[in-house]
Amino acid sequence: MAVISGNDVFSHVFIGAADTAASAKFYDAALGALGIQILGPFGNGWVLYGRDKPAFIIARPGNGEAPSSNGATVGFAAATVDEVHAFHAAGLANGGNDEGAPGPRDHLPGAYAAYLRAPAGNKICAYHFTD
């Protein structure tokens, strides 16, 4: 079973925050009004939101730099590990930069992912979750 939701389009949306406590207060209220609940903190200061599974995450950017487009990652769902590799290879072949080679990610159970920096500087990734 997948740990993160996304309806087979997105695996998750990750937004950088310099002050996660202040951001969580805002998102608790704004997203709560939409029926999206805080699902609790998760390792490394991440704050997770969703309906029944996490789909939206706020945290300080992983590289320690200030939040900006650097702090935002849009995650796309991959049906297989092979799709994760194909995503990464196609992105590199079309002007993207490597931000994390395909492979297991130990921050979430069963996660296998690859990260790219798009030509405009935005970070995207593809995730597949094994059982």
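Given the structure is predicted, the values throughout are model-derived calculations rather than measurements.

A.B. asks: Would you mind going over the overall build of the protein chain with me for this structure?
C.D. replies: Along the protein chain, the regular secondary structure elements total two helices and eight strands. For 131 residues, the compact-globule formula gives about 14 Å, and the C-alpha radius of gyration of the protein chain, at 15 Å, lands near that figure. Based on the C-alpha atoms only, the size of the protein chain along its principal axes is roughly 40 × 35 × 25 Å. Burial status across the protein chain gives 38% buried among its 131 residues.

A.B. asks: Hey, could you run me through the confidence of the model for the protein chain in this one?
C.D. replies: For any part of a model where pLDDT is low, the fine detail of the predicted coordinates should not be relied upon. Here the protein chain averages 86 in pLDDT, while 94% of its residues score no lower than 70. Summarising per-element confidence for the protein chain, the mean pLDDT is lowest in strand E1 (residues 10-16) (83) and highest in strand E6 (residues 97-105) (96).

A.B. asks: Before we go on, may I ask you to explain helix H2 (residues 81-93) in this structure?
C.D. replies: The α-helix winds at 3.6 residues per turn, so residues separated by three or four positions along the chain end up facing the same way. Helix length check: H2 (13 residues) gives 19 Å between terminal C-alpha atoms against 18 Å at 1.5 Å per residue, within 8%. By the burial criterion, the buried members of H2 are Val 84, His 88 and Gly 91. Considered in projection along H2, the buried side chains sweep an arc of 70° and stay on one side of the axis. In this structure, H2 carries Asp 82 and Ala 93 as exposed residues pointing more than 90 degrees from its buried face. In this fold, the buried residues of H2 make contact with E6, strand E7 (111-117) and strand E8 (123-129). Where H2 starts, the residue carrying a side-chain oxygen 3.4 Å from the main-chain nitrogen of Asp 82 turns out to be Thr 80. Phi turns positive, to about 100°, at Gly 95, one or two residues after H2.

A.B. asks: Sorry if this is basic, but what is going on with the pattern of salt bridges here?
C.D. replies: Charged atoms that come close allow side chains of opposite charge to pair. Counted under the stated rule, the structure contains one salt bridge. Residues Glu 99 and Arg 117 are paired through a salt bridge, measuring 3.5 Å at the closest nitrogen-oxygen approach. Residue Glu 99 is found in strand E6, and its partner Arg 117 is found in strand E7; the two are separated by 18 residues along the sequence.

What counts as what
- Per chain, the residues get numbers from 1 upward, laid out in the order the sequence is written.
- Per-residue local features of the predicted model are confined to residues with pLDDT of at least 70, and side-chain atom pairs are confined, for both listing and counting, to 80 or more; whole-chain, interface and lining totals are unaffected and use all residues.
- In computing side-chain values, all of the structure's heavy atoms are included and hydrogens and water are not.
- Numbering of helices and strands runs from the N terminus; a helix is a DSSP stretch of H or I covering at least four residues, while a strand is a stretch of E covering at least two.
- We compute the radius of gyration from the C-alpha atoms alone; for a globule the expected value is 2.2 Å times N to the 0.38, where N is the number of residues.
- Relative accessibility decides the category of a residue: with a 1.4 Å probe and only protein chains considered, values under 20% of the type maximum give buried, values over 50% give exposed, and everything between is partly exposed.
- Residue-level confidence of the predictor, termed pLDDT, takes values from 0 up to 100.
- Expected helix span is given by 1.5 Å per residue-to-residue step, counting one fewer step than there are residues.
- Directions drawn from the helix axis to the C-beta atoms are what define this arc.
- Two residues qualify as a contact provided that any one of their heavy atoms is within 4.5 Å of a heavy atom in the partner residue.
- Contacts described as polar in this section are N or O atom pairs within 3.5 Å, which, within protein, must combine one atom able to donate a hydrogen with one able to accept it, while residues neighboring in sequence count only if both atoms come from side chains.
- A side-chain nitrogen of Lys or Arg and a carboxyl oxygen of Asp or Glu constitute a salt bridge if their distance falls within 4 Å.

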